[in-house]
Amino acid sequence: MIMNTIRLKLDGWEKSITFSASHILPGHEKCGRIHGHNYAIHVRISGEQKESGLVYDFLPIKEKLREIADRLDHRILIASGMDGLRVEEKEVKIELEDKKYLFPKEDCLILDITQVTAEQLAMYLLEKVIEEFDFPDKINTVEMGVDESRGQGAWAKRDLNG
Ligand SMILES: [Zn+2]
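Residues numbered from 1 in each chain as written. Predicted model: local features only at pLDDT ≥ 70, side-chain atom pairs only at ≥ 80, totals over all residues.

Visitor: Just checking my understanding: could you explain the sheet that holds strand β7 (residues 100–104) for this structure?
Guide: Hydrogen bonds between backbone groups are what pair the strands of a sheet, and the pairing can be parallel or antiparallel. If you trace the three strands from one edge of the open sheet to the other, you get β5-β6-β7, paired in antiparallel fashion. Two strands bound the open sheet, and with one partner strand each, they are β5 (85–87) and β7. On average, adjacent strands in this sheet sit at an angle of 10° to one another, irrespective of strand direction. As defined by bridge partners, β5 adjoins strand β6 (residues 91–95) across three bridges and the pair is classed as antiparallel. Its bridge partner being in β6, L85 is matched across the sheet by I94. (Pairing = 2+ DSSP bridges. Helix = DSSP H or I, 4+ residues; strand = E, 2+ residues; numbered from the N terminus. Axes fitted to C-alpha atoms, helices over the stretch in contact; angles between N-to-C directions.)

Below you can see the structure in the form of structure tokens.
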């Protein structure tokens, strides 16, 4: 029997799965200065149709993505792998060659990545979703996208069936 794969997609801009956050990309001429973006998170889920004609119900994944977006919202995003980072009890210190930052820890979110780029954020979000969300067996692949602004972003993809 031939099984067609169906792809579902959720657009974060259209569905208000967005967050505002700031970051620094040390070494970049422009992005090396602290600045912010309005980000949107998207998802694409591929799988087989069930007898009901559905691949998957959008509502639970939409709720999960909003929950994740809320955690990142209005935070300074810091990559745990960045050079010169020191996380203390209440403060986050970054000492670069030519400048120093000191932030209250509660304003920051430290992500287990090496740079807060759209590429790494997409990978981080994909891992979070797969870790925290129970995808049914009929789902084959999950793709997560993050835009730094409308029309510009990165995607990460995982094949759930190995
Ligand atoms: Zn930026």
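Having seen it, we continue.
Visitor: Which parts of the structure should I look at to understand the pairing of strand β4 (residues 75–79)?
Guide: Each regular strand carries side chains that alternate between the two faces of the sheet. For β4, the tally of buried residues reaches four of five residues, placing the bulk of the element in the interior. In the sheet, β4 pairs with strand β8 (residues 108–111) via four bridges, with the strands oriented parallel. Residue pairing for β8: I78 is matched across the bridge by I110. (Buried ≥ 20, exposed ≤ 12 C-beta atoms within 10 Å, placed from the backbone.)

Visitor: So what exactly am I meant to see when it comes to unusual backbone geometry here?
Guide: The general pattern is negative phi for most residues beyond glycine and trans for most peptide bonds. If you check the backbone angles, S16 has positive phi at about 55° while not being a glycine. Within the element layout of this structure, S16 appears in the loop between β1 (5–10) and β2 (18–23). By C-beta crowding, S16 is classed as exposed, having 10 other C-beta atoms within 10 Å. Of note in the backbone geometry, H74 takes a positive phi value of approximately 55° without being a glycine. Within the element layout of this structure, H74 appears in the loop between α1 (58–72) and β4.

Visitor: I would appreciate a short explanation of helix α2 (residues 118–132) in the present structure.
Guide: Counted at 1.5 Å a residue, the expected span for α2 with its 15 residues is 21 Å, and the 21 Å between its end C-alpha atoms agrees. Against β3 (35–48), α1, β8, β9 (139–149) and β10 (152–159) lie the buried residues of α2. (Expected span 1.5 Å × (residues − 1). Contact = placed C-beta atoms within 7 Å.)

Visitor: I tried to follow the nonpolar core on my own but got confused; where do I start?
Guide: Considering soluble globular proteins, one finds that nonpolar side chains tend to be buried as a cluster. Counting 31 residues, the largest nonpolar core has I41, L125 and M144 as its most contacted members. Where this core is concerned, the elements lending two or more residues are β3, α1, β4, β6, α2 and β9. Among the elements that make up this core, the one with the highest residue count is α2 (six residues). If sequence neighbours within four positions are ignored, M144 has contacts with I41, V43, A122, L125, L126, V129, W155 and A156. (Core = buried A, V, L, I, M, F, W, Y, C linked by C-beta atoms within 7 Å.)

In short, geometric facts, not functional conclusions.
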